[in-house]
Amino acid sequence: MTFDEIKSKIGSGLLSFPVTDFGADGEFDAASYARRLQWLSSYGAAGLFAAGGTGEFFSIGYDEYDAVIRTAVENSAADVPVLAGVGYGTRMAVDLAKRAEQAGAAGILVLPHYLMFAEEQGVIAHMQAICDAVGLGVIYYARDNTRLSPAGLEKLAEACPNFIGYKDGIGDLQLMQRVAHRLGDRVVHIGGLPTAEVFAQPYLEMGVTTYSSAVFNFVPELALRFYNAVRQRDTQVVDGLMKSFYLPLIELRDRKRGYAVSMIKAGADLVGRSAGKVRTPLTELDASERQVLADLIAANA
């Protein structure tokens, strides 16, 4: 795909981050992950992000990364681009981006760099090094300790033709409005907050046509129903699902740190699509919390 084609594709529908499958021994389970990608890509997502946040990028070993990306690429539908997560410091991120390109990824998502805050000039240099290292489209993920101003993003866009996307994990509507007006359609704008559905309506009004859905991992039909209702401005469906599913889900997610991932893996297990346990330092839902999630699925899916 050309950069414009992949931007158009990503912006045309719902995005998701598949969980990464680990076996009973805790090792990457390529066969189970392959079945997951085949299943999820059959629902017509506009893009799947392998080794992303929900996919426990932070827990995947260097010796596993290539296999994760290659398995995702080889087992997704031909018309569903697979984008690979990269992160940590600049040298590691550049190396991972090159590995992802060799494994056949259609694009790169740059997750927050490791640990510390940095000046904007340094973050731009970090992004430029990644962009310069590959011929793929690169998406910047703004959240936690990595934030670029609209002016900084514009500098990055001028320096890097393959900087194609801005994913927002901050939730500052004023900033998102400024970014959208400053960059326009130079990049595809993506909603990327945990349980991004809560922000889907206001983001759509400022031209953000897509977002990443974690619950697509276990209730893809519901995730697509909500996404289509937002796009069609069907407030009855949106408000109904928000009240009956998404807001109670957020309450469960917020009970403990790390549940934004642990809860999704638990959901996959509850619908018969187990991906194994999360790796430490994340923790599993307890029995009562699993029952809350099971009840939400049963009442809404």
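Residues numbered from 1 in each chain as written. Predicted model: local features only at pLDDT ≥ 70, side-chain atom pairs only at ≥ 80, totals over all residues. Heavy atoms only, no water.

*Asks:* Please explain the overall build of the protein chain as it appears in this structure.
*Replies:* A count of helices and strands for the protein chain gives 12 helices and 8 strands. The globule rule puts the C-alpha radius of gyration for 301 residues at 19 Å, and the 18 Å found for the protein chain is close to it. Considered along the principal axes of its C-alpha atoms, the protein chain spans approximately 50 × 45 × 35 Å. Within the protein chain, buried positions represent 54% of all 301 residues. Residue pairs in contact within the protein chain that sit at least 24 positions apart in sequence constitute 71% of those at least 6 positions apart. Summed over all atoms, the accessible surface of the protein chain reaches about 12,600 Å², with 51% contributed by carbon and sulfur. Counting 28 positive and 35 negative side-chain charges, the protein chain places the averaged centre of each group 1 Å from the other. (Helix = DSSP H or I, 4+ residues; strand = E, 2+ residues; numbered from the N terminus. Rg over C-alpha atoms; globule rule 2.2 N^0.38 Å. Buried < 20%, exposed > 50% of the residue type's maximum accessible area, 1.4 Å probe, protein only. Contact = heavy atoms within 4.5 Å. Areas by Shrake-Rupley, 256 points an atom, 1.4 Å probe, with all protein chains shown as cover. Lys, Arg positive; Asp, Glu negative; His and termini not counted. Charge placed at Lys NZ, Arg CZ, Asp CG, Glu CD.)

*Asks:* Please explain a nonpolar patch on the surface as it appears in this structure.
*Replies:* Judged by side-chain polarity, Tyr114, Leu115 and Met116 come together as a nonpolar surface patch covering roughly 390 Å² of accessible area. Tracing the sequence through the fold places Tyr114 in the loop between β4 (107–110) and α5 (120–133). Judged by its relative accessible area of 57%, Tyr114 falls in the exposed class. (Patch = residues over 30% accessible without salt bridge, like charges linked within 9 Å, V, L, I, M, F, W, Y side chains within 5 Å. Salt bridge = Lys/Arg side-chain N within 4 Å of Asp/Glu carboxyl O.)

*Asks:* What should I look at first to understand the pairing of strand β5 (residues 137–142) in this one?
*Replies:* If a strand is regular, its side chains alternate between the two faces of the sheet. Among the 6 residues that make up β5, 6 are buried, leaving the element largely enclosed by the rest of the structure. Of the two faces of β5, the one holding Gly137, Ile139 and Tyr141 and the one holding Val138, Tyr140 and Ala142 are both buried throughout. Sheet topology places β4 next to β5; 4 bridges connect them, and they run parallel. Of the residues in β5, the one forming a bridge with Gly107 is Gly137. As paired strands, β5 and strand β6 (residues 163–168) are joined by 5 bridges and run parallel to one another. Residue Ala142 lies in a different strand from β6, and its bridge partner there is Asp168. With helix α6 (residues 150–159) bridging β5 and its parallel neighbour β6, the resulting β-α-β unit is right-handed. (Pairing = 2+ DSSP bridges. Right-handed = clockwise from strand over helix to strand, strands pointing away.)

*Asks:* Is there a simple way to explain the nonpolar core in this structure?
*Replies:* Note on soluble globular proteins: their nonpolar side chains tend to be buried together. Counting residues in each nonpolar core, the largest one holds 102 residues, and the members touching the most others are Tyr65, Ile108 and Tyr166. Sequence-distant contacts of Tyr65, that is, excluding residues within four places in its chain, are made with Ala51, Phe57, Ile60, Ala84, Gly85, Val86, Leu96, Arg99 and Ala100. (Core = buried A, V, L, I, M, F, W, Y, C linked by side-chain atoms within 4.5 Å.)

*Asks:* Could you clarify how one ought to interpret the layout of surface pockets in this entry?
*Replies:* By rolling a water-sized probe across the atoms, one finds the places where empty space is left. Taken as a whole, the largest pocket encloses approximately 830 Å³ of empty space. Together, 35 residues line the largest pocket, and Gly53, Phe58, Arg143, Asp144 and Val261 are the ones closest to its centre. Going through the elements one at a time, α10 (235–253) and α11 (259–270) are the ones with two or more residues in the lining of the largest pocket. Broken down by element, the residue count for the lining of the largest pocket peaks at 4 residues, all from α11. Classifying every residue of the lining of the largest pocket gives 20 nonpolar, 10 polar and 5 charged. (1 Å grid on protein atoms, 1.4 Å probe; cavity = no way out; pocket = protein on both sides within 12 Å on 5 of 7 lines; lining within 4 Å. Points joined across faces, edges and corners; volume = space filled by probe spheres on them. Nonpolar A, V, L, I, M, F, W, Y, C, P; charged D, E, K, R; others polar.)

*Asks:* I tried to follow empty space enclosed by the protein on my own but got confused; where do I start?
*Replies:* Inspection of the entire model under this criterion finds 2 cavities of 30 Å³ or more. In this structure, the largest cavity spans a volume of roughly 90 Å³. Lining the largest cavity are 15 residues, and of these Ala200, Tyr203, Val208, Thr210 and Tyr211 lie nearest its centre. Counting only elements with at least two residues in the lining of the largest cavity, the list comes to α8 (200–205), β8 (210–211) and α9 (220–231). For the lining of the largest cavity, the residue count by class is 10 nonpolar, 4 polar and 1 charged. There is about 40 Å³ of room inside the second largest cavity. Examining the composition of the lining of the second largest cavity, we find that 3 residues originate from one element, α5, more than from any other. Split into classes, the residues belonging to the lining of the second largest cavity amount to 7 nonpolar, 3 polar and no charged.

*Asks:* I would appreciate a short explanation of the packing of aromatic side chains in the present structure.
*Replies:* Each aromatic ring pair is characterised by the separation of its centres together with the angle its planes make. Scanning all chains against the criterion turns up 11 aromatic pairs. In this structure an aromatic cluster arises from ring pairing among Trp39, Tyr43 and Phe216. Across from the ring centre of Tyr141, 4.2 Å away, lies the NZ or CZ of Lys167, which sits over that ring. (Phe/Tyr/Trp six-rings, centres within 6.5 Å; stacked < 30°, edge-to-face > 60°. Lys NZ or Arg CZ within 6 Å of the ring centre and 35° of its normal.)

*Asks:* Looking at this model, I keep getting lost on the pairing of β4. Mind explaining?
*Replies:* Taking every second residue as pointing to the same face, both faces of β4 are buried, with Gly107 and Leu109 on one and Ile108 and Val110 on the other. Following the chain from strand β3 (residues 82–86) across helix α4 (residues 90–102) to the adjacent parallel β4, one finds a crossover that is right-handed. Taken together, β4, α5 and β5 constitute a β-α-β crossover, and its handedness is right-handed.

*Asks:* I keep staring at the side chain of His126 and nothing clicks. Help me out?
*Replies:* Turning to its location among the elements, His126 is positioned in helix α5. The buried category is assigned to His126, whose relative accessible area is 7%. A distance of 2.7 Å separates a polar atom in the side chain of His126 from a polar atom in the side chain of Thr90. Residues contacting His126, with those up to four places away along its chain left out, are Tyr88, Gly89, Thr90, Ala93, Val110 and His113. (Polar contact = N/O pair within 3.5 Å; in protein donor to acceptor, adjacent residues only side chain to side chain.)

Keep in mind that these numbers describe shape and distance, not what the molecule does.
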